[in-house]
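Each chain, written out:
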Amino acid sequence: MDESGGSGQPRSGTDEADERRTGRPRLGDPATPTARPHSDEEPHDADAPANPEPEAETDTAAAAGHQDQSQGTPEDSADDQAAGAAGAAGAAGTAAEKEARADAPTADLRKKEPTPPPAPDPRSDGPTPGQPHDVHRTEAHTPPTKPKSGRKRGSSSRRGKEPGGGLLMGRPFGVPVYVAPSWFLVAALITWVFGGQLDRVLPELGMARYLVSLFFAVAFYASVLVHELAHTVAALRFGLPVRRIQLQFFGGVSEIEKESETPGREFVLAFVGPLLSLILGGLFYLALQAVEPGTVPGVLLAGLMISNLIVAAFNLLPGLPLDGGRMLRAVVWKITGKPMSGTIAAAWVGRALAISVLIGLPLLTQSGALGADAEDIGGMDTVMDALLAAILAAIIWTGAGNSLRMARLREHLPELRARALTRRAVPVETNTPLSEALRRANDAGARALVVVDPDGEPLSLVREAAIVGVPEHRRPWVAVSGLAQDLTDGMRVSAELAGEDLLDALRAAPATEYLVVEDSGEIYGVLSAADVEKAFVKAMARPN
């Protein structure tokens, strides 16, 4: 029978006695490897271990991610986003593997070497992802005298499954908007802090000042949502899918899955958020002229004007993960022609900003430069300012480092090529005994089995995890069809897929193995989600 994969030819002397006598590796023997020399143009055992054993269940992860944030929140750290970006390809393997274990005894074609730690699952709700995604994050906090700035992050995605991430508030432009549980914490904090300020300005309000403060907190985060929607609309306009918008502790997040194709689009995508915040600040200023100072509407409009101006100014600071950092990245990218150079420059400026915030914010507050009277600043205010500065600095520093990590991940994405990672496969008919199928695979130097009909059309793939569990003495009586998973359209991938396109295809149809075919429809081999994960981990471990 012909085997797929091109160059592997059956050797002479294929009986089992000869196998044992010659010491040649046999497929299905847990203690023997099945790898063989291969060329770049033929399927091979990707990263085949010297001593094969059952392949443990692993969530395949191969995805790269692009992540840009104006600033992050404690609950949705930059590391989480990096992880989200790095887990795409084989989220696939998880659901299918569990299904496989339920259906039949688990087994493997080879003995397994220690499994590398799985890359983060792109399906997770953390910044994510799956595939590279931009995270526009608007950050906001309330200082002693006024609500403060907001940051944002963008992300995009076209996932069939709802991303989740809190309470669903609506779907403007078809993008789900979620309010994370942490938002209620910051809303309570803003209500308490702003209520204290109202007690000084409008003491006659009494306890009603907290209702006014709560209204301010909701209105302020509505402004943050407008900031995020600006990123979202620009992304959609450029054909970049947006997965969701999330309002959380330190601001908002717009999750955009793909990176801008040009530095010009990158600049526009980053700038529209602060621009909308500036416009809102101007509108609140105009509205303020129409009301009487010292009234509840006057205080609310003044607070919203100041907070939006702070959000805009903060996000325009020229360092990643802020919007200004993305704009700086776009400028350097345009000058050098290298996105990575822009990322490095903007990330290091972001780290310098983090140190400046850590040291400078408490000093500015103590000096009264932010509007508060230095004599009125107590010990608790000093502690709160220092804590706020530390949180902001940590978020900016982590986001800058994560941006570098994501850029490096994107650089390695092209190394993931379906053709290079495909295992040679042997086609066998439905009623072929497992022992005979393994013999043919070993003869051909293959590590995968494809079940075909009498006309040679592929029907299913024999699960790698379902072979070792079958005792050797029973294999002559077990048909391969009982260990196979039916092929779906999503489990057929082109041998020409590589990088992000490959990860998109694997994520769209979660499975442990995929049939790799040529453009002509001819079987090329079988791609294991575990092999994609290993290749991804190896690529990320190599220095640039």
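Quantities reported herein were computed from a predicted structural model and do not represent experimental measurements.

What counts as what
- Residues numbered from 1 in each chain as written.
- Predicted model: local features only at pLDDT ≥ 70, side-chain atom pairs only at ≥ 80, totals over all residues.
- Heavy atoms only, no water.
- Phe/Tyr/Trp six-rings, centres within 6.5 Å; stacked < 30°, edge-to-face > 60°.
- Helix = DSSP H or I, 4+ residues; strand = E, 2+ residues; numbered from the N terminus.
- Buried < 20%, exposed > 50% of the residue type's maximum accessible area, 1.4 Å probe, protein only.
- Lys NZ or Arg CZ within 6 Å of the ring centre and 35° of its normal.
- Salt bridge = Lys/Arg side-chain N within 4 Å of Asp/Glu carboxyl O.
- Expected span 1.5 Å × (residues − 1).
- Contact = heavy atoms within 4.5 Å.
- Pairing = 2+ DSSP bridges.
- Axes fitted to C-alpha atoms, helices over the stretch in contact; angles between N-to-C directions.
- Core = buried A, V, L, I, M, F, W, Y, C linked by side-chain atoms within 4.5 Å.
- pLDDT = per-residue confidence, 0-100.
- Parallel < 35°, antiparallel > 145°, perpendicular 65-115°, else oblique.
- Left-handed = near helix turned anticlockwise from the far one by under 90°.
- Nonpolar A, V, L, I, M, F, W, Y, C, P; charged D, E, K, R; others polar.
- Patch = residues over 30% accessible without salt bridge, like charges linked within 9 Å, V, L, I, M, F, W, Y side chains within 5 Å.
- Areas by Shrake-Rupley, 256 points an atom, 1.4 Å probe, with all protein chains shown as cover.

### Let's talk about the packing of aromatic side chains
Then comes step 1: For the coordinates displayed, the defined rule picks out six aromatic pairs.
Then comes step 2: A ring pair is formed by tryptophan 183 and tyrosine 221, whose centres lie 5.8 Å apart and whose planes are at 90 degrees; its orientation type is edge-to-face. Of the two residues, tryptophan 183 sits in helix H4 (residues 181-201) while tyrosine 221 sits in helix H5 (residues 209-237), which places them 38 residues apart along the sequence.
Then comes step 3: What makes tyrosine 221 buried here is its relative accessible area of 2%.
Then comes step 4: Across the ring face of tryptophan 397, the terminal group of arginine 351 is positioned such that the distance to the ring centre comes to 5.1 Å.
Then comes step 5: Sitting over the ring of tyrosine 524, arginine 419 keeps its end group 4.8 Å from the ring centre.

### With respect to the pattern of salt bridges
Then comes step 1: Tallying each qualifying case throughout the model produces 16 salt bridges.
Then comes step 2: For the salt bridge of glutamate 266 with arginine 326, the shortest nitrogen-to-oxygen distance reads 2.8 Å. Pair noted here: glutamate 266 is in helix H6 (residues 263-289) and arginine 326 is in helix H8 (residues 323-336), with a separation of 60 residues, a long-range link.
Then comes step 3: Judged by relative accessible area, which is 0%, arginine 326 ranks as buried.

### Re unusual backbone geometry
Then comes step 1: In this structure, proline 321 follows leucine 320 across a cis peptide bond, with omega equal to 10 degrees.
Then comes step 2: If you trace the backbone, proline 321 turns up in the loop between helix H7 (296-315) and H8.
Then comes step 3: Unlike most non-glycine residues, phenylalanine 173 shows phi in positive territory, near 60 degrees.

### Observations concerning H4
Then comes step 1: Between the first and last C-alpha of H4 there are 31 Å, a value that for 21 residues agrees with the 30 Å anticipated at 1.5 Å per step.
Then comes step 2: For H4, every residue scored as buried is listed here: Ser182, Trp183, Val186, Ala187, Ile190, Thr191, Val193, Phe194, Gly195, Gln197 and Leu198.
Then comes step 3: Turning to H4, the residues buried within the fold contact strand S4 (177-179), H5, strand S5 (242-248) and H7.

### Remarks on the side chain of asparagine 308
Then comes step 1: Mapping asparagine 308 onto the fold places it in helix H7.
Then comes step 2: For asparagine 308, the residues in contact, after removing those within four places along its chain, are Ser223, Ser277, Leu280, Gly281 and Phe284.

### Examining the sheet that holds strand S11 (residues 492-494)
Then comes step 1: In spatial order, the strands read S11-S12-S13; together these three strands make up an open sheet with mixed pairing. Looking at the sheet topology across the chains shown, the edges are occupied by S11 and strand S13 (523-528). Across the sheet, the axes of successive neighbouring strands diverge by a mean angle of 35 degrees, strand direction being ignored.
Then comes step 2: Relative to strand S12 (residues 513-517), S11 runs parallel, the two sharing three bridges. Bridged to serine 494 within S12 is valine 517.
Then comes step 3: Along the sheet face, helix H14 (residues 529-541) touches S12 and S13 and points at about 65 degrees away from the line of S13.

### Considering the nonpolar core
Then comes step 1: Judged by nonpolar contacts, the single largest core of 38 residues is most densely connected at Ile190, Phe220 and Tyr221.
Then comes step 2: Only H4, H5, H6, H7, helix H9 (339-367) and helix H10 (379-412) provide two or more residues apiece to this core.
Then comes step 3: With 32 residues, the next largest nonpolar core counts Val516, Val517, Ala529 and Met540 among its residues.

### Quick look at the confidence of the model for the protein
Then comes step 1: Scored by pLDDT, the protein comes out at a mean of 74, with 67% of its residues at no less than 70.
Then comes step 2: Counting contacts from residues 141-161, a segment whose pLDDT is below 50, to residues more than four positions away or on other chains yields 145 contacts.

### Observations concerning the packing of H6 against H8
Then comes step 1: Interaxial distance between H6 and H8 falls to 8 Å at its minimum, and their mutual angle equals 160 degrees. Here H6 lies roughly antiparallel to H8, going by the angle between them. For the pair H6 and H8, the crossing hand works out as left-handed. In contact with Pro263, Glu266, Phe267, Leu269, Ala270, Phe271 and Pro274 of H6, H8 contributes Asp323, Arg326, Met327, Arg329, Ala330, Val331, Trp333 and Lys334.
Then comes step 2: Across the contact of H6 with H8, the residue classes tally to 10 nonpolar, no polar and five charged.

### So, a nonpolar patch on the surface
Then comes step 1: Residues Leu275, Ile279, Leu283, Tyr285 and Leu286 make up a contiguous nonpolar surface patch of about 470 Å² in total accessible area.
Then comes step 2: Of note, leucine 283 is situated in helix H6.

### Side note on the environment of leucine 236
Then comes step 1: Among the structural elements, leucine 236 can be located in helix H5.
Then comes step 2: Apart from the residues within four sequence positions on either side, leucine 236 is in contact with Phe173, Val175 and Val242.

### Structural notes on the pairing of S13
Then comes step 1: Taken across its six residues, S13 has six buried, putting it largely inside the fold.
Then comes step 2: With five bridges connecting them, S12 and S13 associate as antiparallel partners. In the sheet register, tyrosine 514 faces S13, and the bridge partner there is leucine 527.
Then comes step 3: The hairpin turn running from S12 into S13, its antiparallel successor, is five residues long, and glycine 521 in that turn takes a positive phi close to 95 degrees.

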